[in-house]
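Each chain, written out:
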Amino acid sequence: ALHTRANKRLRGQRMAKILGIDPGTEKSGYVIWDGEKIYEKDWVSNLRLVSMIHNGIDVDRIVIEMVEARGMPIGKETLDTVVWIGRYYEAALGQYFAVALVYRRDIKIHLCGSARAKPANISRVLKDRFGEPYTLAEVPQTGKRGQPIKSKLVRVPGVLAGLTDHTWAALAAAVYFHDTQGPVT
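Residues numbered from 1 in each chain as written. Predicted model: local features only at pLDDT ≥ 70, side-chain atom pairs only at ≥ 80, totals over all residues. Heavy atoms only, no water.

(A) Region of the structure containing the sheet that holds strand β5 (residues 98–103). The 5 strands are arranged β3-β2-β1-β4-β5 in an open sheet whose pairing can be described as mixed. On the outer flanks of this sheet lie β3 (38–45) and β5, each paired with one strand and no other. Neighbour-to-neighbour, the strand axes of this sheet turn through a mean angle of 20 degrees, independent of strand direction. Both strand β1 (residues 18–22) and strand β4 (residues 61–66) contribute to a ladder of 4 bridges, which runs parallel. If you follow I18 over to β4, its bridge partner there is R61. (Pairing = 2+ DSSP bridges. Helix = DSSP H or I, 4+ residues; strand = E, 2+ residues; numbered from the N terminus. Axes fitted to C-alpha atoms, helices over the stretch in contact; angles between N-to-C directions.)

What follows is the structure, given as structure tokens:
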């Protein structure tokens, strides 16, 4: 059996962490997620993300959204993104991470039931599943003498708090992998 970093980490009882990556030409979105909780999310330079992987980021599996041929000519930006996908893949294998490439079309069909789904549809499905990024909660207020006064509404962060365009896509890749491949083993 191949002794990967992932296999060694899974001997404990914690949930397996997945690094989902939405690659870009200069910056990429990423999310570290365990099936329930987001540990980290950001949109960073590609060099920084490669460095994070090289330095042994604390995850069990890396899932990278892969570019898919769509029957049309591709341009420089798409090719630049493919190069970065390869660099992430190589960095992950160099650190003995298990790596999976997933296609956006498959993610859309899995989450939304349609290959024509837009980013807003994907984020809506994730919000329906995991809750809104922020909810409002009433916090009782007291006056100077301790008597109750009008309650105050405060914004309470949920599981999806702070996600942006690229981190939504990275989470979608991680969720797709988790759902279709099961918990990382």
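(B) Molecular detail of the packing of helix α4 (residues 104–112) against helix α5 (residues 119–130). For the pair α4 and α5, interaxial distance at closest approach is 10 Å and the crossing angle is 45 degrees. Here α5 runs oblique to α4, going by the angle between their axes. Handedness of the crossing formed by α4 with α5: left-handed. Contact residues: R104, K108, L111 and C112 in α4; P119, N121, I122, V125, L126 and R129 in α5. (Parallel < 35°, antiparallel > 145°, perpendicular 65-115°, else oblique. Left-handed = near helix turned anticlockwise from the far one by under 90°. Contact = heavy atoms within 4.5 Å.)

(C) Looking closely at the packing of aromatic side chains. Tallied over the entire structure, the rule returns 2 aromatic pairs. For the ring pair W33 and F130, a centre distance of 5.9 Å and an interplane angle of 80 degrees mean the geometry is edge-to-face. Of this pair, W33 sits in strand β2 (residues 27–33) while F130 sits in helix α5; the two residues are 97 residues apart in sequence, bridging distant segments of the chain. Arranged with centres 6.2 Å apart and planes meeting at 40 degrees, the rings of W84 and Y88 form a pair that is tilted. Residue W84 and its partner Y88 are both found in helix α3 (residues 76–94); the two are separated by 4 residues, about one turn of the helix. Comparing W84 with Y88 shows no difference in burial state: the two are buried. Of note, K17 hangs over the ring of Y39, and the distance from its end group to the ring centre comes to 4.3 Å. When the ring centre of Y134 is taken as origin, the NZ or CZ atom of R155, which lies over that ring, is 3.7 Å away. (Phe/Tyr/Trp six-rings, centres within 6.5 Å; stacked < 30°, edge-to-face > 60°. Buried < 20%, exposed > 50% of the residue type's maximum accessible area, 1.4 Å probe, protein only. Lys NZ or Arg CZ within 6 Å of the ring centre and 35° of its normal.)

Read these as geometric descriptors, not functional statements.
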